[in-house]
Amino acid sequence: DARVTQTPRDKVTEMGQEVTMRCQPILGHNTVFWYRQTMMQGLELLAYFRNRAPLDDSGMPKDRFSAEMPDATLATLKIQPSEPRDSAVYFCASGLGTGEQYFGPGTRLTVT
Amino acid sequence: AQSVTQPDIHITVSEGASLELRCNYSYGATPYLFWYVQSPGQGLQLLLKYFSGDTLVQGIKGFEAEFKRSQSSFNLRKPSVHWSDAAEYFCAVGAGSNFGNEKLTFGTGTRLTIIP
């Protein structure tokens, strides 16, 4: 049963620290998405890639967030420096470009 | 730009009763439509999708949804709910697989509570 995996599942860090979240998309999927979910804003698209190339990162605060795909099996989302307002659940999803997206279990980030 | 409205923030249903969750979308062409479910502490799981063809689509866990173009709706239904159906449900609309348009726009979600 192919699944999207995300690490870490939970992360608590202090304000100003760098945070790196990792995602392994389903093997063979060519699109990868990063979302952020909060009670106030709901589910927000931060960035997405097709064939490892970034297509849209307009939802991402550029000054502190960065997203990359070093290879087809790894996507990363970094926050530097982190702030308390970044506390949220971050989801990675992958797909075949047909519109269907398969979500990982998420990384719960708490910035104190 | 596409958009999705889920008018019900929270719905409570008795176990064994029928369920309908509402979803209205806005999109200029024929949309791709999805329903996802999120259990507490979990990621979103795809329940069903509509791309084209038969307007009544079947999904997993006994759910179905009907696409009604005239009403711009894609409501989710289940004839008899189980306690395990308690979760958050999200409707989403996509522009399809056109180049650069795999993005989905999600509704704000409907939380479903099941009472014995």
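You'll find the structure just up there.
Quick summary incoming for the structure in this document. (Residues numbered from 1 in each chain as written. Chains lettered and ligands numbered in written order. Predicted model: local features only at pLDDT ≥ 70, side-chain atom pairs only at ≥ 80, totals over all residues. Heavy atoms only, no water.)

A few words now on the interface of chain B and chain A. Chain B puts 20 residues into the contact, and the matching count from chain A is 21 residues. Note on chain B versus chain A: buried area summed over both sides is about 1,600 Å², and carbon and sulfur give 55% of it. Looking only at chain B, the three residues that lose the most surface to chain A are L44, E102 and K103 of chain B, adding up to 36% of its buried area. Applying the counting criterion to the chain B and chain A interface returns 2 salt bridges. Residue E100 of chain A is joined to K49 of chain B by a salt bridge in which the shortest nitrogen-to-oxygen separation is 3.3 Å. There are 4 residue pairs in polar contact (both at pLDDT 80 or more) connecting chain B and chain A. (Contact = heavy atoms within 4.5 Å. Buried area = accessible area lost by both parts, 1.4 Å probe. Salt bridge = Lys/Arg side-chain N within 4 Å of Asp/Glu carboxyl O. Polar contact = N/O pair within 3.5 Å; in protein donor to acceptor, adjacent residues only side chain to side chain.)

Residues and elements named next belong to chain A. Within this structure, the stated rule accounts for 2 disulfides over all chains. Put simply, C23 and C92 are joined by a disulfide, and their sulfur atoms are 1.9 Å apart. The sign of the S-S torsion, about -60°, decides the handedness of the disulfide formed by C23 and C92: left-handed. Separated by 69 residues along the polypeptide, C23 in strand β3 (residues 19-24) and C92 in strand β9 (residues 88-95) bring together distant segments of the chain. The burial state of C23 is the same as that of C92; both residues are buried. (Disulfide = S-S within 2.5 Å. Helix = DSSP H or I, 4+ residues; strand = E, 2+ residues; numbered from the N terminus. Buried < 20%, exposed > 50% of the residue type's maximum accessible area, 1.4 Å probe, protein only.)

Residues and elements named next belong to chain A. Ordered by their spatial adjacency, 4 strands build an open sheet running β1-β3-β8-β7, and the pairing between neighbours is antiparallel. On the outer flanks of this sheet lie β1 (5-7) and β7 (65-71), each paired with one strand and no other. Going across the sheet, the axis of each strand differs from the next one's by a mean of 20°, ignoring polarity. Relative to β3, β1 is paired through 3 bridges, and the arrangement is antiparallel. The partner of T5 across the bridge, within β3, is Q24. (Pairing = 2+ DSSP bridges. Axes fitted to C-alpha atoms, helices over the stretch in contact; angles between N-to-C directions.)

Membership of the largest hydrophobic core comes to 26 residues, with the highest contact counts inside it found for L19, W35, L47, L48, F74, L76 and Y89 of chain B. Those residues in contact with Y89 of chain B that lie beyond four places of it in its chain are Q6, L21, W35, Y36, V37, L47, F63, L76, G109, T110 and L112 of chain B. Grouped together as the second largest cluster of nonpolar side chains are 22 residues, A47, F49, F65 and A88 of chain A included. (Core = buried A, V, L, I, M, F, W, Y, C linked by side-chain atoms within 4.5 Å.)

Attention now moves to unusual backbone geometry. Put simply, T7 of chain A and P8 of chain A share a cis peptide bond, and its omega is -10°. Looking at the secondary structure, you find P8 of chain A in the loop between β1 and β2 (10-13). Cis geometry is adopted by the peptide bond preceding P81 of chain A, which originates at Q80 of chain A and carries an omega value of -5°. The phi torsion at R52 of chain A lies on the positive side, around 75°, for a residue other than glycine. On the secondary structure map, R52 of chain A appears in the loop between β5 (42-50) and β6 (53-56). Of note in this structure, K61 of chain B is not a glycine but carries a positive phi near 60°.

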